[in-house]
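Descriptive structure summary
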Amino acid sequence: MTTTLINPATGREIREVPSATEAETDAAIEAAHDAFPAWRDVAPGERARLLRAFAAIVGDHNEELARLEVENAGHTIGNARWEAGNVRDVLTYYSATPERLVGKQIPVAGGVDITFHEPLGVVGVIVPWNFPMPIAGWGFAPALAAGNTVVLKPAEITPLTAIRIGELALEAGIPPGVFTVVPGKGSVVGNRFVTHLDVHKVVFTGSTEVGKQIMAGCAEQVKHVTLELGGKSANIVFADADVAAAAAAAPGAVFDNAGQDCCARSRILVQRSAYDEFLGRMERAVVQWRVTDPGDEASQMGPMVSAGQRDSVQRYADGATVAFQGATPDGPDTAGGFWLPAMVVESADVTEPVWREEVFGPLVAVMPFDDEDEAVALANDSDYGLSGSIFTNDLGRALRVSRGVQTGNLSVNSHSSVRYWTPFGGYKMSGLGRELGPDAPYAFTEEKNVFIAH
Ligand code: NAP
Ligand code: MG
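In this report, we go over the structure that sits alongside the text. Everything quoted here is computed from the prediction, not taken from an experiment.

Description of the overall build of the chain
When helices and strands are counted, the chain shows 14 helices and 20 strands. For 454 residues, the compact-globule formula gives about 22 Å, and the C-alpha radius of gyration of the chain, at 23 Å, lands near that figure. Buried residues in the chain amount to 56% of all 454 residues. Taking as baseline every contact in the chain between residues at least 6 positions apart, the subset at least 24 positions apart corresponds to 74%. Taken as a whole, the chain presents about 18,100 Å² of accessible surface, with 53% of it coming from carbon and sulfur.

Some details on the packing of helix 2 (residues 44-60) against helix 6 (residues 160-171)
Here helix 2 crosses helix 6 at 130°, and the two axes come no closer than 9 Å. What the angle tells us is that helix 2 and helix 6 run oblique. By crossing handedness, the relation of helix 2 to helix 6 is classed as right-handed. Contact residues: Phe 54, Ile 57 and Val 58 in helix 2; Ile 165, Leu 168, Ala 169 and Glu 171 in helix 6. The residue makeup of the contact of helix 2 with helix 6, split by class, is six nonpolar, no polar and one charged.

Describing the environment of Tyr 93
Along the chain, Tyr 93 turns up in helix 4 (residues 77-94). When its relative accessible area of 24% is taken as the criterion, Tyr 93 is described as partly exposed. When the C-alpha positions of Tyr 93 and Gly 437 are compared, they lie 9.2 Å apart, and in sequence the two are 344 residues distant. Beyond its immediate chain neighbours, meaning those up to four positions away, Tyr 93 contacts Tyr 420, Trp 421, Gly 437 and Pro 438.

What about the sheet that holds strand 3 (residues 105-106)?
Strand order in the open sheet made by the three strands is 3-4-20, with antiparallel pairing throughout. Of all the strands in the sheet, the pair left with one neighbour each is strand 3 and strand 20 (445-453). Direction of pairing for strand 3 relative to strand 4 (residues 111-119): antiparallel, over a ladder of two bridges. Across the sheet, Gln 105 pairs through a bridge with Ile 114, a residue of strand 4.

Here's the deal with the sheet that holds strand 11 (residues 267-271)
Reading across the sheet, the seven strands line up as 12-13-14-11-10-16-17 and stay open at both edges, with mixed pairing between neighbours. The outermost strands of the open sheet, each flanked by one partner alone, are strand 12 (322-325) and strand 17 (411-412). Inspection of the sheet shows strand 16 (residues 388-391) paired to strand 17 by two bridges, in the parallel sense. Directly across from Ser 389, in strand 17, lies its bridge partner Ser 411. The strands touched by helix 9 (residues 243-255) within the sheet are strand 10 (234-237), strand 11, strand 13 (343-346), strand 14 (363-369) and strand 16, with strand 14 carrying the most contacts at an inclination of about 140°.

Brief notes about the nonpolar core
Proteins that are soluble and globular tend to have nonpolar side chains buried together. One finds Phe 54, Phe 140, Leu 152 and Phe 179 to be the most contacted residues of the largest nonpolar core, which totals 54 residues. Going through the elements one at a time, helix 1 (22-40), helix 2, helix 4, strand 5 (122-126), helix 5 (132-145), strand 6 (149-153), helix 6 and strand 7 (179-181) are the ones with two or more residues in this core. With nine residues, helix 5 is the single largest residue contributor to this core. Lining this core are residues from two domains, each supplying at least three of them: domain 1 (2-229 + 430-453) and domain 2 (234-419).

Quick notes on the layout of surface pockets
Empty space within the largest pocket amounts to approximately 950 Å³. The wall of the largest pocket is formed by 38 residues, among which Trp 129, Phe 204, Gly 206, Ser 207 and Val 210 lie closest to the centre. Put simply, the parts of the chain that give the lining of the largest pocket at least two residues each are helix 7 (186-195), strand 8 (199-205) and helix 8 (208-220). Split into classes, the residues belonging to the lining of the largest pocket amount to 16 nonpolar, 16 polar and six charged. Each of two domains, domain 1 (2-229 + 430-453) and domain 2 (234-419), supplies a minimum of three residues to the lining of the largest pocket. Taken together, 23 residues make up the lining of the second largest pocket; nearest its centre are Trp 82, Phe 131, Asp 256, Asp 261 and Val 418. Mapped onto the lining of the second largest pocket, the elements with two or more residues apiece are helix 4, helix 5 and helix 9. When its residues are assigned to classes, the lining of the second largest pocket shows twelve nonpolar, five polar and six charged.

Concerning the site of ligand 1
Ligand 1 sits among 27 residues. The nearest are Trp 129, Glu 156, Gly 186, Ser 207 and Leu 229. Within the backbone of Leu 229, a nitrogen or oxygen atom sits 2.5 Å from a nitrogen atom of ligand 1. Between ligand 1 and Glu 358 there is a distance of 2.7 Å, counted from an oxygen atom to a side-chain nitrogen or oxygen. Comparing atom positions with the cavity grids shows ligand 1 to sit within the largest pocket. Going through the elements one at a time, helix 7, strand 8 and helix 8 are the ones with two or more residues in the shell around ligand 1. For the shell around ligand 1, the per-class residue count stands at eleven nonpolar, eleven polar and five charged. Among the domains, domain 1 (2-229 + 430-453) and domain 2 (234-419) are the pair contributing at least three residues each to the shell around ligand 1.

About the cut-offs
- Residues numbered from 1 in each chain as written.
- Chains lettered and ligands numbered in written order.
- Predicted model: local features only at pLDDT ≥ 70, side-chain atom pairs only at ≥ 80, totals over all residues.
- Heavy atoms only, no water.
- Helix = DSSP H or I, 4+ residues; strand = E, 2+ residues; numbered from the N terminus.
- Rg over C-alpha atoms; globule rule 2.2 N^0.38 Å.
- Buried < 20%, exposed > 50% of the residue type's maximum accessible area, 1.4 Å probe, protein only.
- Contact = heavy atoms within 4.5 Å.
- Areas by Shrake-Rupley, 256 points an atom, 1.4 Å probe, with all protein chains shown as cover.
- Axes fitted to C-alpha atoms, helices over the stretch in contact; angles between N-to-C directions.
- Parallel < 35°, antiparallel > 145°, perpendicular 65-115°, else oblique.
- Left-handed = near helix turned anticlockwise from the far one by under 90°.
- Nonpolar A, V, L, I, M, F, W, Y, C, P; charged D, E, K, R; others polar.
- Pairing = 2+ DSSP bridges.
- Core = buried A, V, L, I, M, F, W, Y, C linked by side-chain atoms within 4.5 Å.
- Domains from an automatic or database assignment.
- 1 Å grid on protein atoms, 1.4 Å probe; cavity = no way out; pocket = protein on both sides within 12 Å on 5 of 7 lines; lining within 4 Å.
- Points joined across faces, edges and corners; volume = space filled by probe spheres on them.
- Near = heavy atom within 4 Å.
- Polar contact = N/O pair within 3.5 Å; in protein donor to acceptor, adjacent residues only side chain to side chain.
- Sits in = over half its atoms within 2 Å of the grid points.

Rendered as structure tokens:
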């Protein structure tokens, strides 16, 4: 079986890649299972050295990996370089884990009590198409560092960078079977990670709908599972903020990666007294937002990843009134691509689909509010709770609203949210468990307690 990959900027075929069958998936899982005991027993300093070698080789191939992502996923070249660099940095960060995966000595009567953090075995990582490189690395790096072996399924339509990273792992000296990329369909390869008895944890990032099925499947075997699902994050702008700065930053917070970002600030709440000023300034920023060939150094936004995703976003736009929008490229090279402009909708009603549902495209809904309580209530009126931003110059308000909004990752006077040094994950239907940060490797271990009588 093969999959035909399409360059989303042009609509032209790139190449065919193999798509694993169920038997091939089982073979990869069994190889990972066989490789586990030896990888678990690699001395901590040696496992650290191997992960640093893996990080270094990914770093040496930054430009190659970035160009693959531009071609396969339509990411801007600037973003794609950052994404490949993120894989390098996350591997480097977790290369410190093997030598620091310490347990506890707990005071008890009659003996000595100690805990160990032991790896789980084979971990299956299922990656979506929106950030093929970073989301892969957030799963495989801490899993490998904690002594697990990994099978990784990229999204069927965006496998090229993951396939290349799998080859680089072998070149770096990671033993065969320890990290295996298995391209193919979710219903075949991904589903097998859930049902195979030798996979002990599934790390899933993608839609809430599929995430629920994964969780139900893992329940059959009481299998560990981490879910990183959708979002409908609020960007809350108070009138006391630097409104010009908030309006200038708002497009990047939702239109980056063409809005195909689970952390996209796709709802903007603006205090009524600043609403007109904010919208006027944002319009000027949106008109200047550069939607061009993603390979151009100056590109700020490329195409949608696929015709299907373009059509899905277009349906939301058709069902709403777009207040203003940016441009799309019109050259012959991009004529067959899956392009959309950056679009802004003024929402009057919290039941509108553009206000409630995860559009996953360059479409943002804006709504006014009157006071702090209303802003928090509107932000929390969502099934999701992944990310969010607060713009205010009042420190007390920044803290009150940060504590009030039910979401896993907030930023004040900025839109940054995924930093590999800090924990990342969602409240409510945005997910289960946390990735990244200092504690991530522990989520890939069982804690064992041993009591030794005096
Ligand atoms: P999806 O269907 O949830 O796919 C995510 C990953 O899961 C892909 O690798 C997919 O494989 C795999 N998969 C699909 N069905 C599976 C199954 N039954 N068992 C195991 N694995 C399975 O997401 P999508 O269809 O690409 O996107 C749909 C929507 O999900 C988007 O519009 C967006 O709202 C949301 N989404 C969220 C994120 C996020 O970061 N939170 C990322 C992507 C999408 P295939 O590649 O073969 O489908
Ligand atoms: Mg799907």
